[in-house]
Amino acid sequence: MKVSILVSTRNRNLEISTPNPSLKLSKEEQRFWTRGTKYLPTDGIVKVKAQECIAGLPANTSDVDKAKAIYNWVVDNTHRNPKTRGYGQGNVKLMLETNNLGGKCADINAIFVALSRSVGLPARDVYGIRIADSTRGYKSLGKTGDITKAQHCRAEFYASGYGWVPVDPADVRKVILEETGGLAVTDPKVIAIRDYLFGNWEMNWMAYNYDHDLTLPGSMLGKKGEIPFLMYPQAENTEGRFNSLDPDNFKYKITSRRIG
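Residues numbered from 1 in each chain as written. Predicted model: local features only at pLDDT ≥ 70, side-chain atom pairs only at ≥ 80, totals over all residues. Heavy atoms only, no water.

**Looking at the sheet that holds strand β6 (residues 151-159)**
Reasoning step 1: Taken in spatial order, the four strands of this open sheet run β7-β6-β4-β9, and their pairing is antiparallel. In this open sheet, the two strands that pair with only one neighbour each are β7 (163-167) and β9 (205-209). Going across the sheet, the axis of each strand differs from the next one's by a mean of 40°, ignoring polarity.
Reasoning step 2: One ladder, built from seven bridges, connects strand β4 (residues 123-130) with β6; its direction is antiparallel. Each bridged residue has a counterpart across the sheet, and for G128 the counterpart in β6 is H152.
Reasoning step 3: With respect to the sheet, helix α3 (residues 63-77) is in contact with β6 and β7, its orientation differing from that of β6 by roughly 145°. (Pairing = 2+ DSSP bridges. Helix = DSSP H or I, 4+ residues; strand = E, 2+ residues; numbered from the N terminus. Axes fitted to C-alpha atoms, helices over the stretch in contact; angles between N-to-C directions. Contact = heavy atoms within 4.5 Å.)

**Let's talk about the side chain of Q151**
Reasoning step 1: You can see Q151 is positioned in strand β6.
Reasoning step 2: The contact partners of Q151, leaving out residues within four places of it in the chain, are Y87, G128, I129, M231, Y232, P233, Y252 and I254.

**A look at the packing of aromatic side chains**
Reasoning step 1: Going through the model one piece at a time under the given rule, you end up with 12 aromatic pairs.
Reasoning step 2: Ring centres of W201 and W205 lie 5.1 Å apart, and the angle between their planes is 65°; this geometry places the pair in the edge-to-face category.
Reasoning step 3: Its relative accessible area of 2% is what places W201 among the buried residues.
Reasoning step 4: W205 sits in the buried class, given a relative accessible area of 0%.
Reasoning step 5: Ring geometry for F242 versus F250: centroids 5.4 Å apart, planes at 15°, classification stacked.
Reasoning step 6: A residue is classified by how much of its surface remains accessible, and F242, at 37% relative accessible area, is partly exposed.
Reasoning step 7: Under the relative-accessibility criterion, F250 is labelled buried at 15%. (Phe/Tyr/Trp six-rings, centres within 6.5 Å; stacked < 30°, edge-to-face > 60°. Buried < 20%, exposed > 50% of the residue type's maximum accessible area, 1.4 Å probe, protein only.)

**So, the pattern of salt bridges**
Reasoning step 1: This structure, assessed with the given rule, holds 13 salt bridges.
Reasoning step 2: Its salt-bridge partner being R31, residue E28 comes within 3.9 Å of it at the nearest N-O pair. Note that E28 and R31 are positioned in helix α1 (residues 27-34) at a spacing of three residues, about one turn of the helix. Like E28, the residue R31 is exposed in the burial classification.
Reasoning step 3: Via salt bridges that share partners, R12, R124 and E156 belong to a single interconnected network. (Salt bridge = Lys/Arg side-chain N within 4 Å of Asp/Glu carboxyl O.)

**Regarding a nonpolar patch on the surface**
Reasoning step 1: Judged by side-chain polarity, M1, V3, I5 and V7 come together as a nonpolar surface patch covering roughly 520 Å² of accessible area.
Reasoning step 2: Here V7 is to be found in the segment before β1 (12-13).
Reasoning step 3: Taking relative accessible area as the criterion, V7 reaches 36% and is therefore assigned partly exposed. (Patch = residues over 30% accessible without salt bridge, like charges linked within 9 Å, V, L, I, M, F, W, Y side chains within 5 Å. Areas by Shrake-Rupley, 256 points an atom, 1.4 Å probe, with all protein chains shown as cover.)

**Side note on the environment of L96**
Reasoning step 1: With respect to the helices, strands and loops of the structure, L96 is situated in helix α4 (residues 92-98).
Reasoning step 2: A C-alpha to C-alpha distance of 32 Å links L96 and A235, two positions 139 residues apart in sequence.
Reasoning step 3: With residues near it in sequence (within four places) discarded, L96 still touches I45, V46, K49, W73, L101 and L115.

See the structure below:
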């Protein structure tokens, strides 16, 4: 079976100007995007760590400044682990309890989301795939042609007056590890991408969804087959579910090319 999708993307940029009072979530939406889940808990050690991130900020600190404090903590305290299978599982509680803050995008950005939610900031992971090379000079942040293994998770938080704000602390750590064989945190290229990825996304990437802790519709495995997120092709037969992290044996291939 072959599926073709034509997509158009546009870079996202946060402009800090006069807030628009109409940009706010309903009470139901606020509750939904700050709720705790199995893989994104908002109590215990998660809440304690989030409070540490924003400690010292004034009582009237804006949503943007709270999120920036959490973003900086995540960038400073996590690291990208190239040995992590796929793009991680996002088990935030375990990572914080063991102080093992290494992983990939679904781990690192999940930490940002859970910490944000625990202090009342609506936040969510956004799951997708890289579809083109980066035009910002970062070889590690783009992919074209065979993108079978180019899945990537980003994150957003909601700031009253501004709407959903794009962030990606995980890609800052990816640049530090991979760009030109590895860079220091103080390298100008790291400083530049760290600043850019709070409030901006280069859209050489396509979003799939932002669902989390889900049972796949029609799955024969029921709750036993629950997955933390949907970013890879999923399939199963009477013997069980195929390994979505093993495309060579699962037999799927994803490719992309720019048109026009």
